[in-house]
Amino acid sequence: VQLQASGGGLVQAGGSLRLSCAASGRTFSSGAMGWFRQAPGKERDFVAAISWTYGRAYYADSVKARFTISRDNAKNTVYLQMNSLKPEDTAVYYCGATMRAPWSYTQTATYGYWGQGTLVTVSS
């Protein structure tokens, strides 16, 4: 499985961006995909995840009501719509995928496949 993340960029505080993560190599029918982010000098933190089968979404408290994760089964792609962006959202965003039923949606160890990351910079 290969994951291709895209959509990052520079945006002013209060602005919006939409990230995409396209999976290739296998078609997802189960499992989950998640977004994590890593700021310089910090650990990779959970942002959002979505179950592939039922589309149930999970969010970190810091992004609830601002970010929305969604999936397009036909395109094997997951999106992260980010609104009301803040400078503290600045990070490299990574998408991860697992084809198994996750034991935890929020842990990096759940995901066996990772994309290359896309940089989001929010200016104040």
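My aim in this report is to walk through the structure given alongside it, one point at a time. None of these values were measured; they are calculated from a predicted model.

## A short note on the environment of Ala 49
- Relative to the helices and strands, Ala 49 resides in strand β5 (residues 44-51).
- Classification of Ala 49 as buried rests on a relative accessible area of 0%.
- If we ignore the near neighbours within four places in the chain, the residues touching Ala 49 are Met 33, Gly 34, Arg 56, Ala 57, Tyr 58, Ile 69, Tyr 105 and Tyr 111.

## Brief notes about the pairing of β5
- The buried count for β5 comes to 6 of 8 residues, which makes it a mostly enclosed element.
- Judged from the 7 bridges that link them, strand β4 (residues 32-38) and β5 form a sheet pairing that is antiparallel. For Ala 32, the partnering residue across the bridge sits in β5 and is Ser 51.
- Taken together, β5 and the strand that follows it, strand β6 (residues 57-59), pair antiparallel across an intervening segment of 5 residues, in which Gly 55 is found at a positive phi of about 75°.

## Some points on the pattern of salt bridges
- Tallied over the full model, the rule gives 3 salt bridges.
- Among the salt bridges present, the one from Arg 37 reaches Asp 89, with a minimum N-O distance of 2.9 Å. With Arg 37 in strand β4 and Asp 89 in the loop between β8 (77-82) and β9 (91-98), this residue pair connects regions lying 52 residues apart in the sequence. With respect to burial, Arg 37 and Asp 89 carry one shared label: buried.
- In this structure, Asp 61 and Lys 64 form a salt bridge, with 3.3 Å as the shortest nitrogen-oxygen distance.
- Judged by its relative accessible area of 46%, Lys 64 falls in the partly exposed class.

## Topic: the state of the cysteines
- Under the defined criterion, the tally for this structure stands at 1 disulfide.
- Between the sulfur of Cys 21 and that of Cys 95 lies a disulfide, 2.1 Å long from S to S. Note on the Cys 21 and Cys 95 pair: the S-S dihedral is about 65°, so by sign convention the disulfide is right-handed. Remark: Cys 95 occurs in strand β9 and Cys 21 occurs in strand β3 (residues 17-24); sequence separation between them is 74 residues. Take Cys 21 and Cys 95: they sit in the same class, and that class is buried.

Quick notes on the rules
Residues numbered from 1 in each chain as written. Predicted model: local features only at pLDDT ≥ 70, side-chain atom pairs only at ≥ 80, totals over all residues. Heavy atoms only, no water. Helix = DSSP H or I, 4+ residues; strand = E, 2+ residues; numbered from the N terminus. Buried < 20%, exposed > 50% of the residue type's maximum accessible area, 1.4 Å probe, protein only. Contact = heavy atoms within 4.5 Å. Pairing = 2+ DSSP bridges. Salt bridge = Lys/Arg side-chain N within 4 Å of Asp/Glu carboxyl O. Disulfide = S-S within 2.5 Å.

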